Amino acid sequence: MHDLQIDWLRAFIAVVDSGSITAASRQVSRSQSAVSMQLKKLEDCVGHTLLDRGPRTLSLTPAGIDLLSYARQLTELHGRAQLAMRGATISGKVSIGVPDDYISSHFALMLRSLATRFTDVEITVVCEPSSSLLPRIDRGDLDVALVTRDTAARGEPDRGRFLFHEPLVWVASDQHEAWRRDPLPLALHELGNRFRNEVLAGIEALGRDYRVVYGSPNITGQLAIVEAGLAVAAVARCSAPAHLKLLDTRHGLPDLPKMEVALVRSRDSRRSAAVEAIYNEVLQTLDA
């Protein structure tokens, strides 16, 4: 058997944790085909199939279960060795802000990786809308934040380092067909003033009446209203549950804009080696 490669093991762990090759490819900053190739090389190396691939699901084989714990230990030790070779162990406290619609799709797996690689760094996560996170960055309450940029509404220059575009999509319960109602019932959450205005202006341009039946900065409540069949909603594509129906112009709804996602940091955090390390790690993982 050939030596196990760390990149293969990272890809394997990412696929297991995220549940799909598509999600894992973003986690390890590789294309889907590259992740698939790394998995194939790993399986060829160990001589066993590690994952059972169904139409919509992935599950571990007995060999995959056996390898997973070793893979986690090896990648953790590899990360510690890298840090040790850079010099002193990085330690300290880092506070990170993330909107709730990005936490599960873009940040949850990364946080596990950060906690594994930077064992002496105390990481605190604050989950709030971008409109709340940016003032906290300005005050120095937070060190780093993943935010949706809404520069037109604030009249400011672009904030932070642009990472990627996140499309907005319409979602609804297929069973209840709330998109057929008049007036159109909407469940809205924190999108920023510009995006909220664009959503409502698009509906008005189609000549449709609407009413906002739910408004909150929390996406969990918004999706609960949608699942109950009480409204349709515009949400970030990454936070749209698979069991909800995606809607478009064929359902009498307007096209939706894409949001700019950026990574920002506080001015004072630049003096912290711990923040610098975490910031660069997040940037490397999410940068488009």
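Everything here concerns the structure above.
About the cut-offs
Residues numbered from 1 in each chain as written. Predicted model: local features only at pLDDT ≥ 70, side-chain atom pairs only at ≥ 80, totals over all residues. Heavy atoms only, no water. Helix = DSSP H or I, 4+ residues; strand = E, 2+ residues; numbered from the N terminus. Buried < 20%, exposed > 50% of the residue type's maximum accessible area, 1.4 Å probe, protein only. Areas by Shrake-Rupley, 256 points an atom, 1.4 Å probe, with all protein chains shown as cover. Lys, Arg positive; Asp, Glu negative; His and termini not counted. Charge placed at Lys NZ, Arg CZ, Asp CG, Glu CD. Axes fitted to C-alpha atoms, helices over the stretch in contact; angles between N-to-C directions. Parallel < 35°, antiparallel > 145°, perpendicular 65-115°, else oblique. Left-handed = near helix turned anticlockwise from the far one by under 90°. Contact = heavy atoms within 4.5 Å. Core = buried A, V, L, I, M, F, W, Y, C linked by side-chain atoms within 4.5 Å. Pairing = 2+ DSSP bridges.

1. Remarks on the overall build of the protein chain
When helices and strands are tallied, the protein chain shows 10 helices and 11 strands. Overall size of the protein chain, expressed as C-alpha extent along the three principal axes, is 65 × 50 × 25 Å. Here the protein chain holds 288 residues, and the buried ones make up 46% of them. Total accessible area on the protein chain is roughly 14600 Å²; 48% of this is exposed by carbon and sulfur atoms. The centroid of the 33 positive side-chain charges in the protein chain is displaced by 2 Å from the centroid of its 35 negative side-chain charges.

2. Considering the packing of helix α5 (residues 100–117) against helix α10 (residues 273–286)
Running from N to C, α5 and α10 cross one another at 135°; their axes reach a closest spacing of 11 Å. What the angle tells us is that α5 and α10 run oblique. As for the relative orientation of α5 and α10, their crossing is right-handed in sense. In contact with His 106, Phe 107, Met 110, Leu 114 and Arg 117 of α5, α10 contributes Ile 278, Glu 281, Val 282, Thr 285 and Leu 286.

3. Examining the nonpolar core
The biggest cluster of nonpolar side chains holds 44 residues, and the ones touching the most others in it are Phe 107, Leu 146, Trp 170 and Val 232. Tallying contributions element by element places α10 first for this core, with 8 residues. Here Val 232 is in contact with Trp 170, Val 171, Ala 172, Ala 178, Trp 179, Leu 184, Pro 185, Leu 186, Ala 187, Val 226 and Leu 247, once residues within four sequence places are set aside. If you look at the next biggest cluster of nonpolar residues, it comprises 21 residues, including Ile 13, Ile 21, Leu 50 and Leu 51.

4. A word on the pairing of strand β11 (residues 258–265)
Counting buried positions along β11 yields 6 of 8 residues, so the element is predominantly enclosed. As defined by bridge partners, strand β6 (residues 161–172) adjoins β11 across 6 bridges and the pair is classed as antiparallel. If you follow Arg 161 over to β11, its bridge partner there is Leu 263.

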